Amino acid sequence: MAIIVDQGKNIFTLHTKNSTYQMKVDELGFLLHTYYGSRIDNTDMSYLIYNMDRGFSGNPYEIGGKDRSYSLDTLPQEYSCFGTGDYRISALRIKNGDGSRGVQLYYDKYILNKGKYSIPDLPAVYADDDESETLEIILKDPYSHVEVHLYYGVLEKNDIITRAVKVVNKGSEKIVVEKAASLSLDWISQDFDWITFYGRHNMERIPQRSAINHGIQAIGSVRGTSSHHYNPFAILCEKGADETKGQCFGISFVYSGEFLMEVEKDQVNQTRLVCGIHPDNFEWNLLPGEEFNSPEAIMTYSPHGFGQLSRNLHETIREHICRGEWKHKRRPVLVNNWEATYFNFTGDQLVEIAKDAAKLGVELFVLDDGWFGKRDNDNSGLGDWYPNEEKLGCSLKELAERILDTGVEFGIWFEPEAISEDSNLYREHPEWVVRIPGRPPALSRNQLVLDFSRKDVQDYIIERMSDILSEVPITYVKWDFNRSICDKFSNELGPEYQGEFAHRYVLGLYRVLEELTTKFPHILFEGCSGGGGRFDPGMLYYTPHIWCSDNTDPIARLTIQYGTSFGYPVSTVGAHVSTVPNHQTRRVTPFSTRAYVAMSGIFGYQLDISKMTEEEKDDIRKQIEIYKNRYDLIQNGHYYRLLPPTSDMCTVWEIAAKDGKEAIITAVYHNVEANPAPVMVQVQGLNESGSYQLELDTVFWEDKLDEKVKNWLLSKLPYGYGEGELISGAALMKGGLVIPPAFQEYQAWQIIIKQC
Ligand code: GLA
């Protein structure tokens, strides 16, 4: 049993493999949060709570006259409420029928269930009954009759506890939910740092670590999507925590829309974290009897640093968020024509690329933007999902068949949520566009947004896409969205309901994705929003991988993929090899470096294969072969960050088989230095008593290097690479491994470690 209820004392203790989480109903009926941290027994942890009479921290009416030390303003609470005496950041804010803002929740009852709860119309972690348990705690406000259901899903083996909330109006008047966070988390006394992941288009998810000081710090999005700018994921950790040591807590929000993650250190040094839908664009009306369901937040805990925390999330996202036929199937190696041709292509040209690609082992051709409507640049055509047969030189079906004949599958790009002013759809349905009446809407990439909160719009897109997907032999869809949403307003919603727009939009998006992925289960859907602008667990529930960034430069990708790896597994990261100079940074890097970096993701190409030299084509053949051979290990192994891209010279990461018998280390020199110091790493995840042989991947340079350089390099390979030179797992993990030096700028190495 992962969930222990002490009925006499009203204590709820949730255990996972390495963590314990505890709540207790106190003598007044408030649900206090008493512990979250390393696994302990069922001790009542409320002994840590120390109340004192603190000026200006008032007392609930029922005890105020007797005990001035009891205050909601300082007590650690399970679900904090706005307006009734807790002045810190809060999880729940309700506007009552009389216009007042106040809610106070008292414990009512609990329900225990096998298995994991689900949430109507929203993505959530799923798990079998023997892998998970659910605790539902019901709280009530006796004055307004608001009822709050707190859900806890415990995946013991994964060190995961999920949270979600349902607010029910049991009163007789309409109320407005102004804020209903998915999670509120209090720590009685801890001095934390937090790591958040900021970025921008073409440079997503850069880690930033800062101290939690007094005051409020927050990350979030009011852009309609989770955004490039802050990922809905953060880590709270003790001061000295690093990859392998220290306590840390991960919070990941399973939602693709606007979010807010706030953290506050209060007057007595307690820390509170609140995470949920961003309240700035949110108001939810509840008539008597109606209910609101929040999205889900995932919590994980590691007593041994960020590495373990990431691996907890990797496993959970891979096994309990991603769904469908493609969950475990090897994803095809693809070539996408975007950076090869942009909008400028003909059907014949595409077939040529596919032909060359097929010969080299590529398995899928993806036709990107520009195949529909009047779409020869990004100023027009969005919304007109009818093939441009003149440009393609035939029907879309014929083109797909021609591509299939070359030996690869056919995939296609859509941006279903977008609409151009210069489109037939806009001319027919101007009312389907998101804009505030009487006010010109802001343009972004010269495009507008379709009102996905409307059922008729959702139905139209489902129908239009279904027609194409049924008629044309398509096995892959890239679902893009290329702007942030402002001017929020829907013609379908009355004035009092406009505050529901942003969330209704996300619900609409999820409905369309659910319908299409159910209707076309064999199609692999790739998520995308100008690269990684909607890279979150919510999208991953529908699209098992996401184009990680529009930046394909492998050196920039070191940072992007490093940051992404904190919260997401390799199997969700779309990564392609592109040409040089790179189109985003103009950087020139070796072909093998581009391939090795893309291999730590869902691998593909984004370049014109038909224009490549025979030598380059030969390299592509080798790259694909290597990727296919190492696929299982790379996608399902344990991921370790060994040296960050902020280190002096080299970024290094490792993927080890779960049984520790094999590992791949990838090292990329992001900097060159004269007379360099050796790059040393400590390998992880091996069997200490095992004996290992090292092998350096030489396939990309063996036959190209000048003999002198080659001999120098081979002479520099330390012990372990020669035949019969075995090293113990303990030595590699505790002593370390020297990475071979670089013989060129941006050199990359892949080292295979095998137990003999
Ligand atoms: C976005 C995507 C790119 C490409 C273009 C097409 O930027 O992230 O990969 O599909 O749109 O317009």
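Starting afresh in each chain, residues are numbered from 1 along the sequence in its written order. Only residues with pLDDT of 70 or above have their local features reported here, since the model is predicted, and side-chain atom pairs are shown and tallied only from 80 upward, although totals for entire chains, interfaces and linings are computed over all residues. Side-chain metrics rest on all non-hydrogen atoms present in the structure, leaving aside hydrogens and water.

Draft legend 1. Molecular detail of the site of the ligand. For each residue, the test is whether any non-hydrogen atom lies within 4 Å of the molecule or strand; if one does, the residue is near. In the region of the ligand, 13 residues are neighbours, and Asp368, Asp369, Lys478, Asp480 and Asp550 sit closest. One of the side-chain nitrogen or oxygen atoms of lysine 478 is found 2.7 Å away from an oxygen atom of the ligand. Here an oxygen atom of the ligand sits 3.5 Å away from a polar atom, N or O, in the side chain of tryptophan 547. Residue exposure ignores everything except the shown protein chains as possible cover, and the areas themselves are Shrake-Rupley values with a 1.4 Å probe. Coverage of the ligand by the protein amounts to 97% of the 300 Å² it exposes when considered alone. The pocket and cavity definitions rest on a 1 Å grid over protein atoms only: a 1.4 Å probe that fits but cannot leave marks a cavity, an open set with protein on both sides within 12 Å along at least five of seven lines marks a pocket, and residues lining either have an atom within 4 Å of a point. Being in a pocket or cavity means that more than half of the molecule's atoms lie within 2 Å of its grid points. Judged by the fraction of its atoms near the pocket grid, the ligand is located in the largest pocket. Throughout this entry, Asp, Glu, Lys and Arg are counted as charged residues, while Ala, Val, Leu, Ile, Met, Phe, Trp, Tyr, Cys and Pro are counted as nonpolar. The remaining residues, Gly among them, count as polar. Looking at side-chain class alone, the shell around the ligand contains four nonpolar, three polar and six charged residues. For this analysis, a polar contact is any N or O atom pair within 3.5 Å, provided that within protein one partner can donate a hydrogen and the other can accept it, and provided that sequence-adjacent residues contribute only side-chain to side-chain pairs.

Draft legend 2. The arrangement of the domain arrangement of the chain in detail. As used throughout, domain bounds are those supplied by an automatic or database domain assignment. The domain boundaries assigned to the chain delineate domain 1 (3-320) and domain 2 (640-755). Relative to domain 2, the C-alpha centre of domain 1 lies at a distance of 43 Å. Residues count as neighbours in contact if any of their non-hydrogen atoms are within 4.5 Å of one another. At the junction of the two partners, domain 1 supplies eight residues and domain 2 supplies four residues. Note on definitions: buried area is the accessible-area loss of two parts on being combined, 1.4 Å probe, summed for both. Approximately 470 Å² of surface area, both sides summed, lies buried where domain 1 meets domain 2, with 33% of it carried by carbon and sulfur atoms. Taken as a group, Glu243, Thr244 and Arg311 account for 68% of the area that domain 1 buries against domain 2, more than any other trio of residues on that side. Salt bridges are defined by distance alone: a side-chain nitrogen of Lys or Arg within 4 Å of a carboxyl oxygen of Asp or Glu. Linking domain 1 with domain 2 are two salt bridges, by the criterion used here. Note that glutamate 243 and arginine 641 form a salt bridge whose closest N and O atoms lie 2.7 Å from each other. Seen at the junction of domain 1 and domain 2, the total is four residue pairs in polar contact (both at pLDDT 80 or more). Here the side of domain 1 that touches domain 2 is composed, by residue class, of one nonpolar, three polar and four charged.

Draft legend 3. Quick look at the packing of aromatic side chains. Each aromatic pair joins two rings of Phe, Tyr and Trp (for Trp, the six-membered one) with centres within 6.5 Å, and gets the label stacked for planes under 30 degrees apart, edge-to-face for over 60, and tilted for any other angle. The final tally for this structure, using the stated rule, is 44 aromatic pairs. Between tryptophan 187 and phenylalanine 249 the ring centres are 5.0 Å apart and the planes differ by 65 degrees, which places this aromatic pair in the edge-to-face class. Here tryptophan 187, found in strand S11 (residues 183-187), pairs with phenylalanine 249, found in strand S16 (residues 248-254); they are 62 residues apart in sequence, far enough to count as distant. Classification of phenylalanine 249 by relative accessible area gives buried; the value is 1%. Geometrically, the ring pair formed by tyrosine 510 and tyrosine 542 is stacked, given 5.2 Å between the ring centres and 25 degrees between the ring planes. One end of the pair, tyrosine 510, is in helix H9 (residues 501-519); the other, tyrosine 542, is in the loop between helix H10 (537-540) and strand S29 (545-547), and 32 residues separate them in sequence. In this scheme, a residue with accessible area under 20% of its type's maximum is buried, one over 50% is exposed, and one in between is partly exposed, where area comes from a 1.4 Å probe on protein chains only. Looking at tyrosine 510, the relative accessible area reads 1%, which means it is buried. Numbering of helices and strands runs from the N terminus, with a helix taken as a DSSP run of H or I at least four residues long and a strand as a DSSP run of E at least two residues long.

Draft legend 4. Quick peek at empty space enclosed by the protein. Grid points are joined across faces, edges and corners, and a volume is the space filled by probe spheres set on the points. Throughout the structure, instances matching the rule amount to seven cavities of 30 Å³ or more. In this structure, the largest cavity occupies an estimated 150 Å³ of space. Lining the largest cavity are 19 residues; nearest its centre among them are Gln561, Tyr562, Ser565, Tyr639 and Trp653. Among the secondary structure elements, those contributing two or more residues to the lining of the largest cavity are helix H11 (554-565), strand S32 (638-643) and strand S33 (650-656). At six residues, H11 tops the list of elements feeding residues into the lining of the largest cavity.

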